[in-house]
Structures are given as C-alpha cells and as structure tokens.
Amino acid sequence: MSLRIHELAKRHNMEGKDMLALLKKRGYVSAETKSVSSTVANIYVEELEKEFAAAKAAEEAKAAEEAAKAQAAAAAEQPAPSSAPTIASEDEADQAPKVRLPAGAFVKTKEDVEREKEAAAAAKVAAAKAAAAAAAPVVTPAPVSRPPSVVAPPRGPVSAPPPPPPMRSSPPPVPAIAPKAPPAAPVPVSAPRPVSAPAPMPPPAVRPAASVSAPSAPPLPPRPSGGPTAPPPIPGAAPAAPATPSSATVSQQGEVKIIHIKPPIVVRDFATALGLKPFRLISELNQAGGFASMNSNIEEAVAIKVAEKHGFLLEIKHRGDAASQQAQKEKKEKKVEEDESKFLQPRPPVVCILGHVDHGKTSLLDAIRKANVASGEAGGITQHIGAYQVEFNDRKITFLDTPGHAAFSKMRARGANVTDIAVLVVAADDGFMPQTDEALKHAQNAKVALIVAVNKMDVKGANLDQVKAQMQQRNIAPEDWGGETITVPVAAIKGQGIDNLLEMILLQADLLELKANPKAEASGIIIESQVDVGRGPMATVIVQRGTLKVGDALVCGPHYARVRAMFNERGENVKEAPPATPVRVIGWSGTPDSGATFRAAKNPREAEKLAEEEQQRLRKLATSTDSAPKEVSVEQLFANIAATQAKTLKLIIKTDVFGSSEAIRTILENIKSTKVSLEIVSTDVGLVTKNDVLMASAAGAVIIGFNTKLENGVTPLAKHHGVRVETYSIIYELGDKVREMMADMLEPDLKETKTGAAEVRQVFPLAKGFVAGCLVTEGKITRNASARLRRGREIVHEGKIATLKRFKDDANEVRAGLECGIKLDDFNGYQAGDIIEVYEIQKVRASL
C-alpha cells in the first residue's frame with residue numbers, strides 16, 4: 001500500500017510542499033516528483049511515523065520538566081502567611097491591589113479630588129466678589145458657579161456619602177486609593193474597614209456648603225430678583241432651549257453650532273432645534289413666501305438659509321450618502337467573518353465544465369448525471385448554464401455546464417468565476433480550439449484549480465499525445481510530463497474514465513480544503529434567471545455561505561424575493577439548501593441579473609426597502625448622467641444630424657433566460673456597418689406580450705424572440721399594427737437573420753449588364769431624320785432597351801432604341817451576325833464606324 005503526499009502532510013499538520021521537500025531530502029521520493037498528489041511507499045511512511053512520534057515524546061518531556069521548574073520557583077518566591085496584623089509600609093500603601101476595602105465603600109480617584117479643589121477655589125472667589133458687591137453676611141454662590149460634575153456620582157451601594165478630603169493651603173498629593181485611616185468625623189458604613197493601625201490625620205478644612213450636599217438632591221439655584229442679577233450661563237453649554245427631538249441633534253465645534261437633522265424637515269422639529277417657538281418660525285417662513293403650518297415640510301435650501309440667519313450651520317443627513325456608515329458596515333461584516341471561522345465546515349466543490357462547442361461537455365455531464373441533456377437543446381448545443389449536483393463515494397459534487405458557442409463568452413466567464421475547480425474538456429481528435437483557449441483564459445483569470453478531461457478517446461483519429469503537447473505549449477503541462485495539471489482521458493458516450501475523473505475532482509477538492517459556515521445568513525450568486533408561465537420570475541442560484549430556507553427574504557440589487565419554494569435539478573421540492581448547493585428559487589419581484597450576488601434580509605419588508613433604495617440610486621445615477629450638460633461642437637452637430645437621417649434597425653429582444661439575452665446582445669453589437677445602425681430598444685425575459693407589440697409599433701421596431709413563445713392575442717395585434725415578430729431557437733441563425741434585415745433596409749445597388757453591340761455601317765436618310773444601318777456584332781439588340789452611341793472613347797449619345805427594323809419590317813430583337821436599322825430617340829448624328837452598345841440596369845441586393 002502507499003499514501004499520497006498531501007494526506008501524509010495533513011496527518012502531521014504540515015504544508016504539502018514542505019512534506020514534499022522533506023521526502024526529497026530523505027530520498028523517499030524521486031527528485032523529479034512535483035505534485036503533492038504523488039504517492040509514498042508504505043515503508044517510508046512507517047519510518048516517518050516513528051521519527052515524528054519520537055520527536056513529539058521528547059518535546060512533551062521537555063515541556064513537563066520546564067513546567068515543574070517554574071512551579072517550584074513560584075512556590076519558593078511566595079511569602080509565608082502572617083497571623084499577626086502589621087502596619088503597612090509606605091511602599092505597600094502605594095500598591096493598589098494590596099488595599100482591601102469593605103463592601104459598598106466609595107473610593108475617589110485623583111481626578112475627582114483635583115476637580116473638587118478647583119470647584120472649592122472657584123466658589124471662594126465667587127463668594128468674595130458677591131460679598132463685596134452686596135455686603136451680605138452669608139452668600140451661597142456654589143449653585144451658580146459650581147459645574148454639575150463637582151459632586152462625584154456614587155460608585156456602588158453606600159449608606160452615606162464619603163467623608164471629604166482635607167483642604168489645606170498646600171496639601172500633599174492625595175493617592176488614588178482611599179485614605180488608610182478614617183477622618184476625624186467618621187461616617188458609618190455598611191461594614192467595618194479592615195485596615196492596619198490608623199495614622200493620625202489633621203482635621204479637615206471648612207468646605208463650601210454646596211460641596212457637602214448629597215448628590216441625590218442637589219440644591220436649586222436661587223431665584224433672581226431682577227434681570228441684571230441673573231446667574232451667568234455655564235461656559236461651553238448649549239443655549240437654553242427645549243429638548244431637541246431624536247431626528248435633530250445640536251453639536252458645537254468651536255464657536256460654530258451645527259444642527260444634524262434627517263429629511264423630511266418638519267416645522268415643529270426644526271423650530272425646537274433652533275430654540276424658537278414654532279409660531280415664530282412659521283411667521284418667518286410666511287414672510288419669505290408661501291404658507292407653512294406646524295406639520296409642514298421645509299425645503300432643504302430654505303432650511304439652510306433660516307439656520308444661518310439664527311447662527312446655526314445645518315447638516316442634513318441623507319440615508320444613502322454616508323460613507324462612514326458604509327465603512328462601519330463593512331468593518332462589522334469583516335469582524336463577523338472573522339468570528340465565524342470557528343463554525344466553518346467542509347462543503348462540496350463547485351465544478352465548472354468548460355470547452356469548445358461540440359467537444360462533448362454536455363455529453364460528459366450526461367454520463368455523470370445519467371441523463372440526456374444535449375438532445376433537448378436546439379441545434380445540439382447548450383445555450384444555458386445548467387447547475388446540477390451528483391453524489392459519488394458518499395460525497396456531493398456540484399457541476400455547472402456552460403455553453404461553448406462564441407456568443408456565450410460572458411456566461412462562460414461567469415461560470416468560471418463562481419466555481420472552485422474548472423474541468424476543461426478537449427476533444428482528442430480536434431485538440432485545442434478558439435473557444436477552448438478562451439475558456440482556459442477565463443479559468444486562469446478566475447484562479448481556479450484546473451483539470452483537463454481529454455474526451456472522445458473512442459473516436460477514430462484520437463491522439464492523446466497531441467493534446468498533451470498542446471497543453472505543454474500553453475504552460476499547463478500534464479502530470480506525467482512533469483507538470484502539475486491533472487489530465488484524465490475519458491470517453492463520455494461509452495462511459496469510460498468517468499469514475500477516475502470524479503476521483504481526481506474529489507482529490508483536488510481535498511487539496512483546496514473547501515469550507516463554509518452553514519449557520520450564517522444565506523448569501524450566494526445568481527447563475528441564471530427566467531420568467532416561467534404560472535410561476536413568475538425564477539432564478540437558479542448557488543448558495544455560497546449559510547443555509548437558504550423556504551420563507552427566507554432575499555435581496556439582489558433592485559430585486560427582492562420571499563422564497564416561496566425551491567427545486568433541485570430534478571424538479572423536486574427542497575426545504576433548505578446548504579452551501580455549494582444549486583437550487584431554483586421562486587418568489588422574486590423581477591428577474592435578477594445573472595452573476596449578481598444575493599444575500600438574506602431580516603424580513604420581506606426590509607428586503608423590499610433595500611431593493612427600493614437600490615432602484616432609487618440607479619434611477620438617480622441614470623438621470624444625473626443623462627442631464628449632465630455636454631458641449632457639442634459643430635462637427636458633432638452635423639454628425640448627429642446625419643445620424644438621424646441614417647437608416648436604423650430597431651429591435652426588441654425577448655428571451656427565455658437572462659444569460660441568453662446577454663449573449664444575443666453581445667452577438668448583435670458585434671455586427672458593424674457604416675450604412676445601417678442597429679439599436680436595441682429593450683431586452684427582457686419572458687413571453688412576447690401585447691405591451692411589446694405596442695412598444696414596437698410606437699418605436700418602429702422588430703420583435704425578436706429567442707426560445708420563447710407568444711402570448712395569446714399577440715399575433716393578430718401585431719398584424720393590425722404592422723409589427724414584425726420573429727422567433728428563433730438557435731443563436732447563430734438569429735445573428736444571420738438580423739444581418740439580412742439590416743441589408744434589406746438599404747437601397748439596392750444598380751448593376752449595369754451589357755446585352756449586345758452593333759456597328760454602324762451606313763447612314764440612311766428618312767423623311768424625319770436619319771437611321772443607322774448596323775451589323776450586330778455581339779449579343780442581341782432589343783427594342784426599347786437602354787443604349788449609348790460610342791465614337792472611339794467618347795460617348796456621343798445615351799437613350800433608348802426607338803426604332804428597330806429588319807429590312808422593311810419592325811423587329812423586337814436582332815441577334816448577332818444579322819443586319820438591322822436602328823434609330824436612337826431623336827438623334828440624327830450617326831457616322832460610319834460608330835458603336836451602339838445596348839445594356840440593362842439590374843437591381844442587386846446591397847451588402848453591409
């Protein structure tokens with residue numbers, strides 16, 4: 001038996017590359033081994049196991065010895081407990097953890113003590129000034145000048161306020177902890193204070209009466225006797241005004257007062273924020289013009305002017321333009337992602353089948369799924385992204401089948417960006433083709449693991465070495481050629497090599513260690529969307545994180561959903577979808593864009609709100625770009641006039657799924673012509689409806705349906721309005737037909753074809769002029785045909801053959817080798833030797 005290198009590395013918590021380097025160093029594997037999926041002989045595995053076990057035992061013994069030494073050192077440093085109480089030294093008193101306070105005791109900090117000192121000094125100064133002015137024996141200025149923070153709030157349950165610290169002329173700095181001895185007038189507390197021998201302290205100085213009052217009932221300021229004796233306002237405080245509502249807040253930066261408010265700005269709330277009575281603000285607004293009431297809304301420009309008039313700066317907070325809120329939200333999401341790392345669990349791999357058209361991608365998936373999908377596709381080519389999940393060796397694998405036609409490049413890129421492993425299907429008889437190279441580029445840009453499946457090994461002319469040589473040229477050398485790309489030869493129709501391919505996929509998934517959090521909020525990506533008759537908008541999604549359940553609310557850009565039902569690829573009802581599971585979701589408000597991400601919301605109302613905000617943002621963005629003033633030069637003006645006079649084919653596209661509409665738009669935009677321009681009026685998913693016919697009639701457009709049907713009553717309505725409706729099921733046929741429509745709009749090209757010629761031999765006079773006697777040298781001469789008279793290189797006359805005679809009889813045509821008489825209109829200047837050429841003007845279909 002043998003063991004793979006990556007499994008051996010995982011067993012000993014090592015990186016695969018490090019284990020590979022160790023094995024090469026020991027000589028257990030050859031120096032040419034490059035992949036961690038290679039195997040190691042069992043005898044070498046046993047030697048490594050013994051070596052790692054011995055190293056682990058030595059480390060454990062060393063750690064146990066160090067722990068024992070550390071424990072012994074700690075026991076030696078610990079002092080012996082003392083039973084007799086001792087007087088605490090000054091060094092011990094400075095260490096806060098050694099002071100034990102009774103339950104409920106209050107400890108002041110150093111900042112509290114300094115704050116009380118400053119308040120007491122300010123109270124003394126104010127008292128002295130008031131005494132000198134009013135000559136009053138007793139003055140209590142503390143309620144006026146003392147800030148509300150003078151009395152510190154209690155910190156825990158106390159039975160009485162703590163004793164005040166001594167106030168001396170030059171007191172020593174009081175430590176942050178409580179004093180070691182009780183003051184001269186002790187205050188009873190809930191428990192005795194277990195301290196050492198008390199040290200004597202000086203009697204406390206006299207403090208202002210305001211600072212001794214209980215914090216629970218601060219004294220009221222005295223009522224002023226008149227205006228001049230009113231107490232001064234507290235510095236730095238906001239002006240006296242009613243409390244502002246929750247929608248408006250007032251802040252101050254320096255000398256500037258800022259009002260923060262959210263729209264709509266109501267008169268009552270705005271007046272409260274300004275500190276005005278509502279009727280005063282209403283009076284100002286009425287004088288400015290208009291009529292306002294208590295519940296009226298004020299325009300933002302008017303509100304800004306009113307705020308400036310009263311000395312405020314108005315800041316209006318809109319819902320969607322706060323960049324800080326977005327940054328805070330992203331930071332929160334990042335933190336949540338970091339916290340959920342402990343909930344990660346292994347998940348199935350998502351595998352994308354890529355390759356050139358008709359190289360057997362869908363047939364390979366048929367062999368894996370035991371189904372037949374390609375026969376159900378128009379033209380035998382896949383035109384949708386199909387998502388399926390299969391089970392192999394009791395493990396699940398999710399597959400995506402992408403189209404191979406050139407028009408579906410966006411769908412292929414989207415498939416590669418969603419997946420973990422890309423299986424590149426290459427036909428053994430064809431090798432690498434243009435779409436194969438494009439699919440390889442998509443996989444490399446997405447940085448996903450690559451596996452090459454060489455299909456059609458049973459076909460005559462299959463050459464595996466040629467495919468491997470082409471892989472070597474593209475820097476994806478196979479493993480047996482010294483590279484790192486897993487290469488599996490298969491025959492999809494006969495079912496050969498399928499099990500080996502699935503084993504390699506599971507092996508690659510083990511190397512990637514794919515994990516997800518199934519307990520998080522559901523989020524994922526839209527694979528495909530469509531409108532189903534009877535079910536409404538549907539979307540095929542892959543859950544990337546969390547578990548999606550029936551009844552969840554989802555939001556995806558401007559669309560939202562309440563999950564009414566979920567179906568798997570076999571059409572069976574599913575109640576929940578764990579990570580990496582593809583399901584079809586019913587209950588969307590519209591068809592979300594393919595490739596867009598969705599996430600769960602708290603409830604359907606929240607999802608609808610988020611979708612409406614996104615719709616408003618997109619609408620605002622569109623209007624701002626359209627209404628932006630543009631400078632138009634004279635040349636641009638003439639070009640615009642010429643564009644309005646140019647011929648334009650207008651199209652309305654209706655498809656069955658969103659991905660097909662993307663592909664059709666891509667293939668139509670690639671049709672370039674200077675003679676006819678192409679304009680796509682609208683692109684939508686679903687049936688061709690009567691509204692589409694009315695829109696096409698108004699715009700003069702043609703309706704193009706792809707893999708979709710017509711609603712009842714559309715055909716007679718389109719006939720009545722003269723609207724052309726075309727339906728197709730194969731995308732390249734649609735592109736060819738659109739080119740023909742554009743060519744039909746052009747004026748036909750006029751092509752001149754020479755039908756005959758005659759040489760003038762002699763001129764005969766008639767009663768009313770002259771006639772030319774001619775010999776027909778080539779072709780035939782026809783009556784009333786267009787002709788020109790050529791004399792040498794000069795064209796003398798152009799007109800029609802009015803008279804054609806054979807001897808004396810009129811003739812309709814004269815063939816080569818015969819003589820005849822010809823008269824061109826009223827022309828009479830014939831000369832012997834002139835050549836009369838006869839030609840026809842044919843209308844030929846113009847080309848783009």
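Structure's up top.
Peer 1: I'd like a description of the side chain of Lys-654, backed by residues and values.
Peer 2: With respect to the helices and strands, Lys-654 occurs in strand E24 (residues 647-655). On the accessibility criterion, Lys-654 (3% relative accessible area) is buried. Polar side-chain contacts of Lys-654 include one of 2.6 Å to the backbone oxygen of Leu-687. Those residues within four positions of Lys-654 in sequence are excluded, and the remaining contacts are Asp-684, Val-685, Gly-686, Leu-687, Val-688, Thr-689, Asp-692, Ile-704, Gly-705, Phe-706 and Thr-708.

Peer 1: Before we move on, can you summarise the environment of Asn-517 with the specific residues and values?
Peer 2: Tracing the chain through its elements places Asn-517 in the loop between strand E15 (515-516) and strand E16 (523-532). A distance of 3.1 Å separates a polar atom in the side chain of Asn-517 from the backbone nitrogen of Lys-519.

Peer 1: Break down the sheet that holds strand E17 (residues 536-545) for me, with residues and values.
Peer 2: One closed barrel accounts for 6 strands, arranged E16-E17-E22-E20-E19-E23; its pairing is antiparallel. Strand-to-strand, the axes of this sheet are offset by a mean angle of 45°, without reference to chain direction. Here strand E20 (residues 559-567) runs beside strand E22 (residues 582-588); their pairing, made up of 4 bridges, is antiparallel. For Met-566, the partnering residue across the bridge sits in E22 and is Val-585.

Peer 1: Explain the packing of helix H19 (residues 658-669) against helix H22 (residues 731-744) to me, and be specific about the residues and the numbers.
Peer 2: The description of two packed helices rests on the angle between their axes and on the distance between the axes. Between H19 and H22, the shortest axis-to-axis distance is 10 Å and the interhelical angle comes to 40°. As judged from the angle between their axes, H19 and H22 are oblique. Crossing hand, H19 versus H22: right-handed. Facing Ala-663, Ile-664, Ile-667 and Leu-668 of H19, the residues of H22 in contact are Ile-731, Leu-734 and Val-738.

Peer 1: Residues and numbers for the packing of aromatic side chains, please.
Peer 2: All chains considered together, the criterion is met by 2 aromatic pairs. Their ring planes at 10° and their centres at 4.5 Å tell us that Tyr-28 and Tyr-44 sit as a pair that is stacked. Taken together, the residues span a long stretch of sequence, with Tyr-28 in the loop between helix H2 (16-26) and strand E2 (39-41) and Tyr-44 in helix H3 (residues 42-77) at a distance of 16 residues. According to the relative accessible area criterion, Tyr-28 is buried, its value standing at 15%. You can call Tyr-44 partly exposed: its relative accessible area is 29%. Arranged with centres 5.1 Å apart and planes meeting at 90°, the rings of Phe-827 and Tyr-830 form a pair that is edge-to-face. Taken as a pair, Phe-827 and Tyr-830 share a single burial class, namely buried.

Peer 1: Please provide a residue-by-residue account of the pattern of salt bridges, values included.
Peer 2: On inspection of all chains with the given rule, the structure shows 22 salt bridges. The salt bridge involving Glu-49 is made with Arg-11; its shortest N-O contact spans 2.9 Å. Here the residue Glu-49 occupies a position in helix H3, and Arg-11 occupies one in helix H1 (residues 5-11), the gap between them amounting to 38 residues. Ionic pairing is found between Glu-752 and Arg-788, a salt bridge with its closest N-O pair at 3.2 Å. Within this pair, whereas Glu-752 is found in strand E28 (residues 749-766), its partner Arg-788 is found in strand E30 (residues 786-791), the two being separated by 36 residues in sequence. What makes Glu-752 partly exposed here is its relative accessible area of 44%. What emerges from the salt-bridge pattern is a single network uniting Glu-752, Arg-788, Arg-790, Glu-798 and Glu-837.

Reading the values: rules and limits
- Residues numbered from 1 in each chain as written.
- Predicted model: local features only at pLDDT ≥ 70, side-chain atom pairs only at ≥ 80, totals over all residues.
- Heavy atoms only, no water.
- Helix = DSSP H or I, 4+ residues; strand = E, 2+ residues; numbered from the N terminus.
- Buried < 20%, exposed > 50% of the residue type's maximum accessible area, 1.4 Å probe, protein only.
- Polar contact = N/O pair within 3.5 Å; in protein donor to acceptor, adjacent residues only side chain to side chain.
- Contact = heavy atoms within 4.5 Å.
- Pairing = 2+ DSSP bridges.
- Axes fitted to C-alpha atoms, helices over the stretch in contact; angles between N-to-C directions.
- Parallel < 35°, antiparallel > 145°, perpendicular 65-115°, else oblique.
- Left-handed = near helix turned anticlockwise from the far one by under 90°.
- Phe/Tyr/Trp six-rings, centres within 6.5 Å; stacked < 30°, edge-to-face > 60°.
- Salt bridge = Lys/Arg side-chain N within 4 Å of Asp/Glu carboxyl O.

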